[in-house]
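Examination of the molecular architecture
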Amino acid sequence: MVELTVRRARRDVDEQAARAQLRRQIARLEAQLSALQISGFPYGRVEPAGPGARGPHILGLGELESIRDGLVAGLDDARSRAVERGERQAAARAQLERMLQEPGRHKFVRVASRDLGEPGCGVWHVRPRLGLIGMLAGWWQVKLSSGCPLAS
Amino acid sequence: MTEPVLQEGVVHDSLASEFPDLRLAWVTVDTRPRRTPAELRERLGMLADRFHGARALSIRREPVPAAYRVFFRHIGLDPDVQRTPIEAAAVERLLRGGFVSGSAVDDALVLALVETGVPVWALDAARVGGALELRAARTGERLGAGDYADDLAPGRIVVADETGPVAVLFGPVAPDRLPGRDTDRVLLFAVGAPGVPALYFEEALHCCAEALDSD
């Protein structure tokens, strides 16, 4: 009987230590996720896991593990989206550079500021100088249109 | 004006063993329901002017709001679904263009929250019996009195007095415990998440009490 009680007490202590360990992991993951969301604003939004049906309560091992795993998945997702976004922006920047160097070879090509990771509704656009005359004469230029469309 | 005496609440063993730094404390202030004094309205206005979109976004990385975010996760709340109090105040500030002025008590709570990041709640001191305690709800307990009182799921973390739960942690306060027209003494309580420096925690209560006791 005494041995059983000791064994149970030892298991409780072990489980408490495991829960504390999971809480530390959750705290670290939460900090990383927050940092990623801020640096990736407005694109870095992480979808919430869903409302907690039980409200505030002391979580068991299983629940803590589930939260930890959810944060890991959210972090992975946010990171991979950030990498993809970074690649798309790098490609758009390279395209803009090519447009600026040789506008004549990129007629009517458009690159939006948003694709470059910049705020606003501006669009870099290769257009002929002086309209039809420039088009016939081969005078091409890159123009930045600015301003967002008016709200309807 | 006398310095309000901060009283420590009890954190039940089951919670204290999981969250050793968790704190509950309260102060009481003699005050009657009234409109927000001009001085407090001005302070809120100044705070709103200093509170821009960039801060609303990055506030989750500041030490105190971050501690509450982590604590939310630790107790099964998703801070991206149910915002932490300071993040909710930040969103309100952006949506409404300021910290909306309500009653003096409500505004004092907002002031303390925005100044320190620590949420404070108010109760009618006359309707609170004995010391406050942070514990899990027991089977059959309800939030409030009467036919419309909400049932509390056993295990839900609540702030309770000797007669029963007065509020769900980071949730609703029992309607029959809220300050009302006949209130002449307000009890202000705060819950300090693990990792929140004592200075901020205590300052939140003092700041709120001072704002209510300033006339």
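Residues numbered from 1 in each chain as written. Chains lettered and ligands numbered in written order. Predicted model: local features only at pLDDT ≥ 70, side-chain atom pairs only at ≥ 80, totals over all residues. Heavy atoms only, no water.

Moving on, we come to the interface of chain A and chain B. Size of an interface: often given as the accessible area lost when the parts come together. Contacts between the two partners involve 27 residues from chain A and, on the opposite side, 25 residues from chain B. Approximately 2300 Å² of surface area, both sides summed, lies buried where chain A meets chain B, with 60% of it carried by carbon and sulfur atoms. The largest per-residue losses of area from chain A upon contact with chain B belong to A:Arg23, A:Pro56 and A:Ile58, which jointly make up 28% of the total buried on that side. For the salt bridge of A:Glu30 with B:Arg69, the shortest nitrogen-to-oxygen distance reads 2.5 Å. Scanning the region where chain A abuts chain B turns up nine residue pairs in polar contact (both at pLDDT 80 or more). (Contact = heavy atoms within 4.5 Å. Buried area = accessible area lost by both parts, 1.4 Å probe. Salt bridge = Lys/Arg side-chain N within 4 Å of Asp/Glu carboxyl O. Polar contact = N/O pair within 3.5 Å; in protein donor to acceptor, adjacent residues only side chain to side chain.)

What follows concerns the pattern of salt bridges. Evaluation of the coordinates by the stated rule reveals 25 salt bridges over all chains. Across the pair B:Glu202 and B:Arg23 runs a salt bridge whose closest N-O atoms are separated by 3.1 Å. With a gap of 179 residues between them, B:Glu202 in helix α7 (residues 198–212) and B:Arg23 in strand β3 (residues 23–30) connect regions that are remote in the sequence. On the basis of relative accessible area, B:Glu202 is assigned to the partly exposed category, the value being 29%. Between B:Asp30 and B:Arg185 there is a salt bridge; the shortest N-O distance is 2.4 Å. Here B:Asp30 is found in strand β3, whereas its partner B:Arg185 is found in strand β10 (residues 185–192), with 155 residues between them in sequence. Under the relative-accessibility criterion, B:Arg185 is labelled partly exposed at 32%. When salt bridges with common partners are traced through the structure, they connect A:Glu30, B:Arg60, B:Arg69, B:Arg73, B:Asp78, B:Asp80 and B:Glu87 into a single cluster. (Helix = DSSP H or I, 4+ residues; strand = E, 2+ residues; numbered from the N terminus. Buried < 20%, exposed > 50% of the residue type's maximum accessible area, 1.4 Å probe, protein only.)

Moving on, we get to the sheet that holds strand β2 (residues 10–11) of chain B. All names here are of chain B. The mixed open sheet is built from four strands, whose spatial order is β2-β5-β8-β9. The sheet terminates laterally at β2 and β9 (165–168), the two strands that pair on one side only. Of the strand pairs in this sheet, strand β8 (residues 157–160) and β9 are connected by three bridges, and their pairing is antiparallel. Looking at the pairing, Val-159 lines up with Ala-167 of β9. (Pairing = 2+ DSSP bridges.)

Now for the confidence of the model for chain B. Mean pLDDT over chain B: 91, with 98% of residues reaching 70 or higher. This prediction of the complex comes with two scores: 0.84 for pTM and 0.87 for ipTM. (pLDDT = per-residue confidence, 0-100.)

All names here are of chain A. Of note, Phe-108 is a non-glycine position whose phi angle comes to about 65 degrees, a positive value. Within the element layout of this structure, Phe-108 appears in the loop between α2 (61–101) and β1 (110–112). Phe-108 sits in the partly exposed class, given a relative accessible area of 45%. The phi dihedral of Leu-130 is positive, around 60 degrees, even though this residue is not glycine. For Leu-130, the position within the fold is in the loop between β2 (123–128) and α3 (132–137). Overall, the relative accessible area of 60% leaves Leu-130 in the exposed class.

A few words on the packing of helix α6 (residues 104–116) of chain B against α7(B). Pairs of packed helices are described in terms of their axes, by the angle between the two and the distance that separates them. Residues and elements named next belong to chain B. Relative to each other, α6 and α7 sit at 150 degrees, their axes nearing to 8 Å. Between α6 and α7, the angle is such that the two are roughly antiparallel. The hand of the α6/α7 crossing is right-handed. Contacts between α6 and α7 involve Ala-104, Val-105, Ala-108, Leu-109, Leu-111, Ala-112, Glu-115 and Thr-116 from the first element and Tyr-200, Glu-203, Ala-204, Cys-207, Cys-208, Ala-211 and Leu-212 from the second. (Axes fitted to C-alpha atoms, helices over the stretch in contact; angles between N-to-C directions. Parallel < 35°, antiparallel > 145°, perpendicular 65-115°, else oblique. Left-handed = near helix turned anticlockwise from the far one by under 90°.)

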